[in-house]
Structures are given as C-alpha cells and as structure tokens.
Amino acid sequence: MRFSLLSPLVLNPVIRFSNSNALFGLRFQLYPRYSGYLRSPVTMASAKPKPAAAVNKFPVEEECVGIARKCWIKFKRESTFALYTPFVVSLASGTLNLDTFRHYIAQDVHFLKSFAQAYEAAEECTDDDDAKVGISELRKNVIEELKMHDAVLKEWDIDLVKESTLNPATAKYTDFLSATASGKVEGVKAAILATPFERTKLAAYTLGAMTPCMRLYAYIGKELQAFLEGEKIHPYKKWIDSYASEGFQASALQTEDLLDKLSVPLTGEELDIIEKLYHQAMKLEIDFFLTQPLVQKAVIPLSKDHNPAEHRLTIFSDFDLTCTVVDSSAILAEIAIITAPRSDQNRPENQIARMLSADLRNTWGDLSKQYTEEYEQCIEKMLLTEKAEKFDYERLHKTLEELSDFEKRANTRVIESGVLKGLNLEDIKRAGQRLILQDGCTNFFQSIIRNENLNADIHVLSYCWCGDLIRSSFSSGGIDALNVHANEFMFQESLSTGEIVKKVESPIDKVQAFSKIRMNCGNDQKNLTVYIGDSVGDLLCLLEADVGIVLGTSSSLRTVGNHFGVSFVPLFPGVVQKQKMCTGVDSSSCWKGLSGVLYTASSWAEIHAFVLGS
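Here the residue numbering is sequential within each chain, running from 1 through the sequence in written order. With pLDDT at 70 or above as the cut-off, local features in this predicted model cover only qualifying residues; side-chain atom pairs require 80 or more to be listed or tallied, and sums for whole chains, interfaces and linings still use all residues. Side-chain figures throughout are based on the complete set of non-hydrogen atoms in the structure, without hydrogens or water.

**Considerations on the overall build of the protein**
Working step 1: Strands here mean DSSP runs of E at least two residues long; helices mean DSSP runs of H or I at least four residues long; both are numbered from the N terminus. Along the backbone of the protein there are 24 helices and 10 strands.
Working step 2: Looking at the protein as a whole, 55% of its 614 residues qualify as buried.
Working step 3: Residue contacts follow a heavy-atom distance rule, with two residues in contact if any of their heavy atoms lie within 4.5 Å. For the protein, the proportion of contacts with a sequence separation of at least 24, taken over those separated by at least 6, is 78%.
Working step 4: Computed with the Shrake-Rupley method and a 1.4 Å probe, the accessible areas treat only the protein chains shown as cover for residues. Roughly 26900 Å² of accessible area belongs to the protein as shown, and the carbon and sulfur atoms make up 49% of that amount. Each residue is assigned to one of three classes by its accessible area relative to the maximum for its type, calculated with a 1.4 Å probe on protein chains only: buried under 20%, partly exposed between the two thresholds, exposed over 50%.

The following block contains the structure:
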C-alpha cells in the first residue's frame, strides 16, 4: 500500500468530533492538503453526491483568462476525441486512402464557404472598428484557404465540389453556423438584436461558433507536424504544414482574441450562450471527421470491430492515483485520526479499544516516514543491478519479488500498530461516496457498462486496505458492475478490528490476480486486455496486458521500467505507428502483451477516445 502521501498529515487543532457520525453529519472538514479531493458535503443522509465527472467548473486560477481559452480548457475532452478519430489517425500515419482525402477536401470547401459567410455576417454586425478590421482579415484568410483547396482539386483534374453533395455532418455544421450568424441562437430573441450593442453581441455569438474550429485545426496541425520528421515523403505534408504554419496559428489566436474582446461587456447568461455554442461546434467538428468514409481498416477505437459473439474486452485498472487524485490510505488516515478518542473523552466500554488521537497522529507519521525511506531504498537497490540492453521481463519479475516482500512487511507493521482499529464502516462508505475520481474516469467506466454492444468486463486491482472504500466510490457514480480485487478490513459490529484480509498486497499479487482473471476468460473468444496503472507496482500487469497504459508522471515507474528495457511511448504517436503497421488487418491483432512497450496517456479522456471512440 502506498501511503507516502501521509507524511505531511497535520490536523487542524480546532476540529473536534465527539463521535463518528459528526464526521459527516455537519462538516467533513479535512486539512488543506486533502480538502479538494472529497466532494463538499450537503446533508449526507439525504443527498446522493454527483459523480466527479459531472463536476466541470472552471478552475479558480483560470478566472482571469478570456472566454476563448476557458472554453478550450473546459472542452479539452472534445479536442482529444477529434484527434483520435480514425480519419485523423490515418491522415497522420500517411495511410489515408486518397479517395477519402479527396472526399474530405470537397466537404471542406462547403465548410469553408460557410465560414467565410459567417465572418462576413459578424463583420457587418459589430460596431467596433478594430474588430471589423480583424474579422475582415480572417475572412480573407479563409478565402486564401479556399484557393489552396482549389489548387489541390485542379491537381487532380476533378471538380469534386460540383460532383459532391454535402454529407449530413457537413450540413449540420454549416446550418448551425448559418443559423447562429443570422441570430437564430437558442435563448436569444431575434427581436432584441436591433441596437448596435445587440448586433455586436450577435457577432460575439458567431465567433463563439467559429473559434473552436480554428483552434482545433491549429491544435491538430501542430500535433500531426511531428509525424513529418524523418519522413522523406508524406502524402499529406502540405495539408499538415498549412495548419501547423505560423500564419494559421496566428489566425486561430486572432479569432480567440476577437471573441474575448467582443465578450467583455456580456453578462453571465450571455457568456453561457457562447460556451454552449463553442461546445456544440466542437461536437459537430468531431462528427465531421467521423463521417469521412474510410476505405482501409483503422486500429482505433479498440472497440470498433468488436463482435460480442466473438470478442471479449477486459479492462483492468489500478485504483489509487490512477482512478483517484489522492491515495486511499490518506483518506483512511483522515477518518482514523478525526474519529479517534481524545485524552479527555470517556471511551464507551462496548467499543473496540483505540489509540488516542494524538498518539495515532504520531504513529501515522512514523509509519509514513519509514515506508517512504524503505521504499526509496528498494528502488535504489533495483537500479544497482546491471541495466538491461533489451526488454528483460524475467529479471524485472524477479526483482519486483523483493519489492513485494517489502510491501507485505509494511502492511504487517500497519496492522500491528493498531492504527486501523475502530473505523466505522459507514464512515468509510461515505468517504468513498464523496471521493473525487480523476476527471473522465467515471465517464469511461459508465460508457463501457452501458454499451450493450460490448462484451466487456472491468476489474480493479488495488493495494487498498479496504475494498469497501473502492466499491462505494464507484457506486456513487452508478458503477456497480465492476469487479474489485483488493484487501478488506475485518469488522466487528461495523467497527474495524485493525486486521486486514490480505488479497492484493504487492506487484506479484497483482500480476497473479491479473493472470488468473485472464485465464478464467477462456479461449472460446478473442480476448483483448487493457491495463491502466500509474506505479511500479503495476509494471508487471502493464507489460502482460495486450495494451498497457500508464497514467500520471511517476518517475520511479519510468526509471525502473527503462532499467529493464521497457519503452514508454506517448499513446497518440503509438497509435499512429500502429496504423502504419497494421493497415488492412484486424485491429485487435495489432496489440500483443510482453512487447516491452507501454503507452503513456495524459488523461482518462485520451484512454476513452482510444478504447471506445467518441
């Protein structure tokens, strides 16, 4: 169990709780280090907390940023989904069929003409001279972009624009843009757009529907430019270079600046309208990419070619710091210290004898310090061995047996210390219900469970001392159909005895549980396994899975992995490379375990896009 985060535990001395119910009845008042990791309490007995994925407020530090930047940050998930569309991945790899690209260009011509018209309408609406000049420049840039498309079409000697009709996704975006520019905006009455100020407001709304497209293309251009390096010939180099160019990046920034400028006098309700327009435009852009007709097979999303009768998708995930933003031991420590008796309190005779609060706090600190020091010594000892010239799973496995012994000794010390005695099961469950999971984690698991077209299982493998905490954290988000493999507290009349039913204590325990689950899946179906983790303890499972995905920035994980020949590849470049290698084959056959390659992801949204798509 990783509980090195407990070292700075310092309780606010003014907090007083006479019994465990007070912990949740009034205020679950955590000290600053952890207060942001649990949902703010309502009345716990009567209110079910919302899933963490439903909480999507602008961070406090972003309040001074303009509306354009705020929206881009808030809807970063959508930009990730756009990047991971089969069309963009195939384009980045250079394997995109030319006919598909021709169709895309033809559709984009319709798209750009609508864009130019919207800029013209916005220019006419605004009464700000500087804004007029800026919008006029942007409209001219779109016209130049149209000329570039025309040049490409002439190279092919085909007038695709005349021959091609708008596909539904193109039509939806152009209709949306046209409606917005003409004042047909949800929540806005057309009759009130008569004054110069109201018309300038309409210009802001129009830019709100256009800005995400500009920023998204600038983002994709920059992301794809990396794939031109080392390529002698890339069929779509001109396209990528045009959107990665300084000129287009400047146009995207100029559009955002204009949106910010026109939004300054708007009310909160009016800014909400811009936010909705921005979000709608992002979703329409994703649809635009998704509807491009691909000829070749794409390696993503992993579920794309999934046939429930023939395939099984098994998702494995660590819990602490993979799903959560704080280690569960820190939460259990909170509950233990806050509910422990003080020296001036009378202890009920019928309750389990517990350590005093002050003693418990000191003991936690000592245990944490000792764990951190010995863990670091274990890692250092692992790195003293000869560095592997190539991936060496067997030696890594043997080395991690020593770390496993350490983890078990650390757990034994915790049990023998008595710090886990007397925790109330209801307090633990309520803490789990209010534990905030990583952004996008809940949504990912919900999407798998609710997808009737998937034959999928979810298994959580964790060192957590108390499986009830994990189960309650997921059940608060409506996620009950997953399997939790963790240690369990022993209880006596709903109070923990201080003992633990030891099930998953170490890297070796984890990989044994992983192998057993995979073996139980049988061989009657094609089984694709994905493991998501963040620490050294996950290394063996990550490597044995068909796809191992590393979340977070654990330096020890990367250092140990590199020492034994493991390669860490950012997920998107890894997907693009797979697309180059696996075009024309079953996508599931491209991913095989024990390759020595792990993929790093920046968020659960990225994992969601990779596994499930939009």
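**Quick word on the sheet that holds strand S6 (residues 495-501)**
Working step 1: Each pair of strands is called paired provided DSSP finds at least two bridges between the two strands. Overall, antiparallel pairing links the three strands, which are arranged S2-S6-S5 in an open sheet. Either end of the sheet is taken by a strand with one partner, and the two such strands are strand S2 (421-424) and strand S5 (488-492). Each adjacent strand pair in this sheet contributes to an overall mean axis angle of 55°, direction not counted.
Working step 2: Note on definitions: angles span 0 to 180 degrees between N-to-C directions of axes, and those axes are lines fitted to C-alpha atoms, for helices only across the stretch in contact. Where helix H17 (residues 425-434) meets the sheet, it contacts S2 and S5, and its direction lies at approximately 55° from that of S2.

**Section: the sheet that holds strand S10 (residues 597-601)**
Working step 1: Strand order across the open sheet formed by seven strands is S4-S3-S1-S7-S8-S10-S9, with parallel pairing between neighbours. The sheet is open, and its two borders are formed by strand S4 (483-485) and strand S9 (567-570), each paired with just one other strand. Put simply, the sheet's adjacent strands are angled 25° from each other on average, direction ignored.
Working step 2: For strand S8 (residues 547-551) and S10, the ladder comprises three bridges, and the chain directions are parallel. Opposite Leu551, over in S10, you have Ala601 as the bridge partner.

**A word on the pairing of S5**
Working step 1: Here four bridges tie S5 to S6, and the two strands are oriented antiparallel to one another. Bridged to Phe489 within S6 is Ile500.
Working step 2: Between S5 and S6, which pair antiparallel one after the other, the connecting turn spans two residues, and Glu493 there sits at a positive phi close to 55°.

**Describing helix H15 (residues 357-383)**
Working step 1: Here, expected helix span is obtained from the residue count minus one, scaled by 1.5 Å. Taking 1.5 Å as the rise per residue, H15 with 27 residues should run 39 Å; its terminal C-alpha atoms sit 39 Å apart, in good agreement.
Working step 2: Those residues of H15 not exposed but buried are Ser357, Leu360, Trp364, Leu367, Ser368, Tyr371, Tyr375, Cys378, Ile379 and Met382.
Working step 3: Structurally, H15 contributes buried residues whose contacts are with helix H14 (328-339), helix H16 (393-417) and helix H22 (555-563).

**Notes on the pattern of salt bridges**
Working step 1: A pairing counts as a salt bridge when a side-chain nitrogen of Lys or Arg comes within 4 Å of a carboxyl oxygen of Asp or Glu. Following the criterion strictly, the structure yields 18 salt bridges and no others.
Working step 2: The partner of Glu374 in a salt bridge is Arg413, with the nearest N and O atoms 3.4 Å apart. Residue Glu374 is located in helix H15, and its partner Arg413 is located in helix H16; the two are separated by 39 residues in the primary sequence.
Working step 3: Of the charged contacts in the structure, one is a salt bridge between Glu544 and Arg518, with a shortest N-O distance of 3.3 Å. Residue Glu544 is located in helix H21 (residues 539-544), and its partner Arg518 is located in helix H20 (residues 507-520); the two are separated by 26 residues in the primary sequence.
Working step 4: Under the relative-accessibility criterion, Arg518 is labelled partly exposed at 28%.

**Quick notes on empty space enclosed by the protein**
Working step 1: Think of a 1 Å grid over just the protein atoms. A cavity is a set of points where a 1.4 Å probe fits yet cannot get out, a pocket is an open set with protein on both sides within 12 Å along at least five of seven lines, and lining residues have an atom within 4 Å of a point. Grid points are joined across faces, edges and corners, and a volume is the space filled by probe spheres set on the points. Per the counting criterion, the structure on display carries three cavities of 30 Å³ or more.
Working step 2: Reported here for the largest cavity is a volume of approximately 70 Å³.
Working step 3: The wall of the largest cavity is formed by Asp108, Phe111, Leu112, Phe115, Glu145, Cys213, Met214, Tyr217, Tyr243 and Phe248.
Working step 4: Mapped onto the lining of the largest cavity, the elements with two or more residues apiece are helix H6 (98-125) and helix H10 (196-225).
Working step 5: With four residues, the single largest contributor to the lining of the largest cavity is H6.
Working step 6: In this classification, the charged set is Asp, Glu, Lys and Arg, the nonpolar set is Ala, Val, Leu, Ile, Met, Phe, Trp, Tyr, Cys and Pro, and all remaining amino acids, among them Gly, are polar. Across the lining of the largest cavity, the residue classes tally to eight nonpolar, no polar and two charged.

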